[in-house]
Amino acid sequence: MKTNVSSIDRLIRLLLASALFYLGLFPYSGSALGIGLVVAGGVLLVTGLVGFCGLYRLLGIQTSQPNEQL
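Here we summarise the structure given alongside this text. From a predicted model like this one, the values you see are computed outputs, not experimental measurements.

1. Quick notes on the layout of surface pockets
Thought 1: If you add up the space inside the largest pocket, you get close to 170 Å³.
Thought 2: Among the residues forming the lining of the largest pocket, the class breakdown is 4 nonpolar, 5 polar and 2 charged.

Rendered as structure tokens:
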């Protein structure tokens, strides 16, 4: 599986994932919003770590450079 997410995009996804996890686990814990925030944070965490975004592939978006493949 090729990476289609750039390094900066991955960093932003990881930072957003940590913020969403915090909000979902502490201020909104136990609510539907909290669960949604944790799920969204999990998706961002996985795509940030792996470097592949399925939605980007469906839309034909690639933020990584060809020589930036892992």
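2. Re helix α2 (residues 32-50)
Thought 1: End to end, α2 covers 27 Å across 19 residues, agreeing with the expected 27 Å (1.5 Å per residue, within 8%).
Thought 2: Every buried residue of α2 is listed here: G34, L37, G41, G42, L44, T47 and G48.
Thought 3: Looking at the packing, one finds that the buried side of α2 touches α1 (7-25).
Thought 4: Once α2 ends, the next one or two residues include G51, with phi positive near 85°.

3. Quick notes on a nonpolar patch on the surface
Thought 1: Together, Y22, L23, L25, F26, Y28 and L33 make up a nonpolar patch on the protein surface, roughly 620 Å² of accessible area in all.
Thought 2: For the nonpolar patch, the leading source of residues is α1, giving 3 residues.
Thought 3: As for its position among the elements, Y22 is in helix α1.
Thought 4: Residue Y22 is classed as partly exposed on the basis of its relative accessible area, which comes to 49%.

The rules behind these values
Residues numbered from 1 in each chain as written. Predicted model: local features only at pLDDT ≥ 70, side-chain atom pairs only at ≥ 80, totals over all residues. Heavy atoms only, no water. 1 Å grid on protein atoms, 1.4 Å probe; cavity = no way out; pocket = protein on both sides within 12 Å on 5 of 7 lines; lining within 4 Å. Points joined across faces, edges and corners; volume = space filled by probe spheres on them. Nonpolar A, V, L, I, M, F, W, Y, C, P; charged D, E, K, R; others polar. Helix = DSSP H or I, 4+ residues; strand = E, 2+ residues; numbered from the N terminus. Expected span 1.5 Å × (residues − 1). Buried < 20%, exposed > 50% of the residue type's maximum accessible area, 1.4 Å probe, protein only. Contact = heavy atoms within 4.5 Å. Patch = residues over 30% accessible without salt bridge, like charges linked within 9 Å, V, L, I, M, F, W, Y side chains within 5 Å. Areas by Shrake-Rupley, 256 points an atom, 1.4 Å probe, with all protein chains shown as cover. Salt bridge = Lys/Arg side-chain N within 4 Å of Asp/Glu carboxyl O.

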